[in-house]
Structure formats: C-alpha cells, structure tokens
Amino acid sequence: NAGVTQTPKFQVLKTGQSMTLQCAQDMNHEYMSWYRQDPGMGLRLIHYSVGAGITDQGEVPNGYNVSRSTTEDFPLRLLSAAPSQTSVYFCASKGANTGELFFGEGSRLTVL
Amino acid sequence: LAKTTQPISMDSYEGQEVNITCSHNNIATNDYITWYQQFPSQGPRFIIQGYKTKVTNEVASLFIPADRKSSTLSLPRVSLSDTAVYYCLVGDTGRRALTFGSGTRLQVQP
C-alpha cells in the first residue's frame, strides 16, 4: 500500500542547475498537487492538477513547471534552481468527493 | 478561495482538552472544512472533515456553527505526542486549488 511516493528524498543542487522531483500515487486519484514548505512556515501551493492533461498554477508557481501525462504521475521541474527554492517539497493527492489530501514524505532540496 | 485564520500557537498540559478555532468568513456553499496535523519533517496527516454541525472520530471532534464562518477542532485529553502544527483547510471536494493557512503550533507540556 504505497500511497504517494516522492523521489528523491534529498537533493543538493548548484544555482542554475535543473532537476525534476518525481511524485507517483497508486490510489487512482484525479487530483494531485505540489506544495513547498520553508523552515518554520506553512505549506504553499505551487501547482495542481485535476486530471491527466490538466494543470493549473497555485500560489507560488514561478520557477517551476509541471505536467500530467498519466493519472499516476505528477513531476515537478525546476528549470534553473535558485537559493530561494531551498525548501521541503510535498506532493499530495486526493480522491473524488472527499477533501482528504494524502501526502508524500517530502523531498528536501538545497540549492547552493 | 476561502482564507483561513488560526491562532499562531497554543500551549496545553497532558490530559487537558484543547480547542483550536479557525475563522473562514468567506466559506462557499460547497466548501468542506478539513483539519490536518503535521509533525516536524513529515507531510501533513488528515485528522477530520466536516460540513456542518458536529463530526467526531476516534481522535478528534469538529464543531461547525450554523453560519459556518468558523470551526473548532477539539482534541480530548492531549498527550505529549499531540505536540504538532494543526492546519484547517477550506475547499470543495472537486477541482479547486487547496491552500493552507499558517497553522497553529500546539505545544503539550507534561
């Protein structure tokens, strides 16, 4: 019973590098989303998707791209990493007719 | 999007009942109220969800007045392990963005 799986758990990047955070869920959830959480702060919504082929911006989308080619996967791409993107990133998914979000364990990203 | 307001922090002692209130003045007709618990270095975990009146499960109760402009999460007889950040989130069950507020940091003392 995997739920929401995020990889990698830890990553260190240099400024300007690009990378992709992977998120996969095995619950057949249509809704998926990415949040970032800076130290001591709340979660801020980056992007979300309500189904395959559909994505939309959240509160803090700049510097990030997403795509949703399958129901299971929702990768988050950092195009050109900046120190301000140092954070913990959480992926979440939700089934229909419920408000319950299921979260992954998080990916801790450090940009030097 | 319905904006939520919660106290920044609360302190309690083991065995006490803790009530955390969340204000959501512009809640929409289709919106549900959901509460999450987050421990350090972990993703938030669902606690309880409600639409109106009272909902109870094995860990908490959720009280929602008739006007639905606020809600109160009640944790009976807290223990040290309930020390965490608690978030209320307002949104419908469909296709809208779900945004979190700042949360309430609960510290339980022995």
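Here the structure is a predicted model, which means the values were calculated and not measured. (Residues numbered from 1 in each chain as written. Chains lettered and ligands numbered in written order. Predicted model: local features only at pLDDT ≥ 70, side-chain atom pairs only at ≥ 80, totals over all residues. Heavy atoms only, no water.)

## Things to note about the packing of aromatic side chains
Logical step 1: In the structure shown here, the tally under the stated rule is 11 aromatic pairs over all chains.
Logical step 2: Here the aromatic residues Tyr35(A), Phe90(A), Phe103(A), Tyr36(B), Phe46(B), Tyr87(B) and Phe100(B) are joined through ring pairs into a cluster of three or more.
Logical step 3: In this arrangement the basic side chain of Arg68(A) is found over the ring face of Phe74(A), its NZ or CZ atom lying 5.9 Å from the centre.
Logical step 4: A cation over a ring is seen here: Lys94(A) above Tyr31(A), with NZ or CZ 5.3 Å from the ring centre. (Phe/Tyr/Trp six-rings, centres within 6.5 Å; stacked < 30°, edge-to-face > 60°. Lys NZ or Arg CZ within 6 Å of the ring centre and 35° of its normal.)

## Quick notes on the sheet that holds strand E3 (residues 32–38) of chain B
All names here are of chain B.
Logical step 1: Strand order in the open sheet formed by five strands is E1-E9-E8-E3-E4, and the pairing between neighbours is mixed. Each edge of the open sheet is held by one strand with a lone partner, namely strand E1 (9–13) and strand E4 (45–50). Strand-to-strand twist in this sheet, taken as the mean axis angle between neighbours without regard to direction, amounts to 25°.
Logical step 2: Bridging between E3 and strand E8 (residues 84–91) involves seven bridges; their strand directions are antiparallel. From the neighbouring strand, Thr34 faces E8, where its bridge partner is Leu89. (Pairing = 2+ DSSP bridges. Helix = DSSP H or I, 4+ residues; strand = E, 2+ residues; numbered from the N terminus. Axes fitted to C-alpha atoms, helices over the stretch in contact; angles between N-to-C directions.)

## Overview of the nonpolar core
All names here are of chain B.
Logical step 1: The biggest cluster of nonpolar side chains holds 20 residues, and the ones touching the most others in it are Trp35, Ile47, Leu73, Leu75 and Tyr86.
Logical step 2: Elements with a minimum of two residues in this core: strand E2 (18–23), E3, E4, strand E6 (61–64), strand E7 (70–75), E8 and strand E9 (104–109).
Logical step 3: Among the elements that line this core, the one with the most residues is E8, at four residues.
Logical step 4: For Ile47, the contacting residues outside a window of four places in its chain are Trp35, Tyr36, Gln37, Asn57, Val59, Ala60, Leu73 and Tyr86. (Core = buried A, V, L, I, M, F, W, Y, C linked by side-chain atoms within 4.5 Å. Buried < 20%, exposed > 50% of the residue type's maximum accessible area, 1.4 Å probe, protein only. Contact = heavy atoms within 4.5 Å.)

## Let's talk about the environment of Gln49(B)
Logical step 1: Along the chain, the position of Gln49(B) falls in strand E4.
Logical step 2: Of the residues examined, Gln49(B) reaches a relative accessible area of 19% and is grouped as buried.
Logical step 3: In the structure, Gln49(B) is positioned 15 residues away from Thr34(B) in sequence and 4.3 Å away in space, judged by C-alpha atoms.
Logical step 4: At 2.8 Å, the side chain of Gln49(B) and the backbone nitrogen of Gly99(A) are in polar contact. (Polar contact = N/O pair within 3.5 Å; in protein donor to acceptor, adjacent residues only side chain to side chain.)

## Things to note about the confidence of the model for chain A
Logical step 1: Mean pLDDT over chain A stands at 95; residues scoring 70 or higher make up 99%.
Logical step 2: Per-element averaging of pLDDT across chain A places strand E5 (residues 43–51) of chain A at the bottom with 94 and strand E3 (residues 19–25) of chain A at the top with 98. (pLDDT = per-residue confidence, 0-100.)

## Details of the interface of chain B and chain A
Logical step 1: With 21 residues of chain B in contact, the opposing surface of chain A contributes 25 residues.
Logical step 2: Both faces combined, the contact of chain B with chain A buries some 1700 Å², and carbon together with sulfur accounts for 54% of it.
Logical step 3: In this structure, the connection of chain B to chain A is made through zero salt bridges.
Logical step 4: Looking at the side of chain B that touches chain A, the elements that each hand over two or more residues are E3 and E4 of chain B.
Logical step 5: Per-element tally for the side of chain B that touches chain A: the top contributor is E3(B), with three residues. (Buried area = accessible area lost by both parts, 1.4 Å probe. Salt bridge = Lys/Arg side-chain N within 4 Å of Asp/Glu carboxyl O.)

## So, the layout of surface pockets
Logical step 1: One number sums up the size of the largest pocket: a volume of about 730 Å³.
Logical step 2: Residue lining of the largest pocket: 34 residues in total, with Gln37(A), Asp38(A), Gly40(A), Met41(A) and Arg105(B) positioned closest to the centre.
Logical step 3: Within the residue set of the lining of the largest pocket, elements represented by two or more residues are E5, strand E9 (87–94) and strand E11 (107–111) of chain A together with E8 and E9 of chain B.
Logical step 4: Per-element accounting of the lining of the largest pocket gives the leading share, four residues, to E9(B).
Logical step 5: By residue class, the composition of the lining of the largest pocket is 14 nonpolar, 15 polar and five charged. (1 Å grid on protein atoms, 1.4 Å probe; cavity = no way out; pocket = protein on both sides within 12 Å on 5 of 7 lines; lining within 4 Å. Points joined across faces, edges and corners; volume = space filled by probe spheres on them. Nonpolar A, V, L, I, M, F, W, Y, C, P; charged D, E, K, R; others polar.)

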